Amino acid sequence: MSNNRQSSSPIPGLALDELFPQEEHFIHHQSNIHGVDHVARVICHSIDLVKEHGPAEYLAPAWAAAFLHDLARRTDGVCNRHGQWAVDDCWDLHVERFRRAGVGPEWDERIKAAVINHCDRDNLEKSDPAWRLAAFLKDADALDRYRLNESPDPRMLRFEHADEVYFRAEKLEYETYGCADGMEVWAARQVLDTDAEVSPEFAHGEELPAVPHIDPSHQLDLDIGPPGGGKESHR
Ligand SMILES: [Fe+2]
Ligand SMILES: [Fe+2]
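Residues numbered from 1 in each chain as written. Chains lettered and ligands numbered in written order. Predicted model: local features only at pLDDT ≥ 70, side-chain atom pairs only at ≥ 80, totals over all residues.

Looking at the overall build of the protein chain
Then step 1. Looking only at helices and strands, the protein chain has 8 helices and 0 strands in total.
Then step 2. Reading the protein chain from its N end, one meets helices and strands in the order α-α-α-α-α-α-α-α.
Then step 3. Counting only residues that meet the buried cut, the protein chain has 42% of its 235 residues in that class.
Then step 4. Contacts in the protein chain between residues far apart in sequence, at least 24 positions, make up 72% of those at least 6 positions apart. (Helix = DSSP H or I, 4+ residues; strand = E, 2+ residues; numbered from the N terminus. Buried ≥ 20, exposed ≤ 12 C-beta atoms within 10 Å, placed from the backbone. Contact = placed C-beta atoms within 7 Å.)

Structure, rendered in structure tokens:
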């Protein structure tokens, strides 16, 4: 994996290295499961999902929600409150960054609702103004469940994703588990993009080995639940 590829920020107004939280931004708890590399991958997935499903105006708000969502965890175990803690304890620390990314105040309540909702069973109706943003965050978070030696169940997700989305998520996790810098995750994602351009068949041409990162007896968070409000197709 190359980590020195040049790339422009997908969010105008924000430098590439500002897209990802650093270890010190996780204010209560340093984690190998919900830390820098996990949040960086969820950011990458969020960007990809907005590009896949649109509309483009969701790009910066979806990034902001992903950036924030796990910063205030106090444990790696089951917890349905760390979204609220992130809003309460971390919003003010990063809102200026969000503004520079073009996230206007009209998005604030939707971002907060998505972050609060991400660790609880779906409680937003599809008619809720925050539903789409919450759905992007829930699906992006779920796509990183490969780090728990689990495959995300498409029936549990809120958007209908192409097979390549799952394969790319698995491969990105395999390449970047344990990275201490989000930029390394971004670089790996760029490599996947390049590989895809070189070989359109890559998504079905390689079988990844199992990644024995996690003690399966460890009780892990179950942030995703059955989708509320129905599934949305991109077709
Ligand atoms: Fe979470
Ligand atoms: Fe997460």
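Focus on the packing of helix α1 (residues 36-53) against helix α2 (residues 59-68)
Then step 1. Direction vectors running N to C along α1 and α2 enclose 160 degrees, while the axes themselves pass 9 Å from each other. The pairing of α1 with α2 is recorded here as roughly antiparallel in orientation. Between α1 and α2 the crossing geometry is right-handed. Each of Val39, Val42, Ile43, Ser46, Ile47 and Val50 in α1 lies in contact with α2, whose residues at this interface are Leu59, Ala62, Trp63, Ala66 and Phe67. (Axes fitted to C-alpha atoms, helices over the stretch in contact; angles between N-to-C directions. Parallel < 35°, antiparallel > 145°, perpendicular 65-115°, else oblique. Left-handed = near helix turned anticlockwise from the far one by under 90°.)

Observations regarding the confidence of the model for the protein chain
Then step 1. Confidence in the prediction of the protein chain, expressed as mean pLDDT, is 85, and 80% of residues score 70 or more.
Then step 2. Across residues 1-6, where pLDDT falls below 50, the model places 10 contacts with residues more than four positions away in sequence or in other chains.
Then step 3. In the predicted structure, residues 198-222 sits below a pLDDT of 50 and forms 29 contacts with residues beyond four places in sequence or in another chain. (pLDDT = per-residue confidence, 0-100.)

Some points on unusual backbone geometry
Among all residues except glycine, the phi angle is most often negative; among peptide bonds, the trans geometry is most common.
Then step 1. With omega at -5 degrees, the peptide bond leading from Gly54 into Pro55 counts as cis.
Then step 2. Relative to the helices and strands, Pro55 resides in the loop between α1 and α2.
Then step 3. Residues other than glycine seldom take positive phi values, yet Asn149 does so here, at roughly 60 degrees.
Then step 4. The residue Asn149 is located in the loop between α5 (131-142) and α6 (163-176) in this model.

Re the nonpolar core
Then step 1. In this structure, Ile43, Ala62, Trp63, Ala64, Ala65, Ala66 and Leu133 are the most contacted members of the largest nonpolar core, which totals 58 residues.
Then step 2. Elements supplying a minimum of two residues to this core: α1, α2, α3 (82-100), α4 (108-117), α5, α6 and α7 (182-198).
Then step 3. Sequence-distant contacts of Ala65, that is, excluding residues within four places in its chain, are made with Ile111, Ala114, Val115, Leu133 and Leu137. (Core = buried A, V, L, I, M, F, W, Y, C linked by C-beta atoms within 7 Å.)

Examining the packing of α4 against α5
Then step 1. Running from amino to carboxyl end, α4 crosses α5 at an angle of 40 degrees, the nearest separation of the two axes being 8 Å. Our classification of the angle between α4 and α5 gives oblique. Relative to α5, the crossing made by α4 is right-handed. For the pair formed by α4 and α5, the contact residues are Arg110, Ile111, Ala113, Ala114 and Asn117 on the first element and Leu133, Ala134 and Leu137 on the second.
Then step 2. Its residues assigned to classes, the contact of α4 with α5 comprises 6 nonpolar, 1 polar and 1 charged. (Nonpolar A, V, L, I, M, F, W, Y, C, P; charged D, E, K, R; others polar.)

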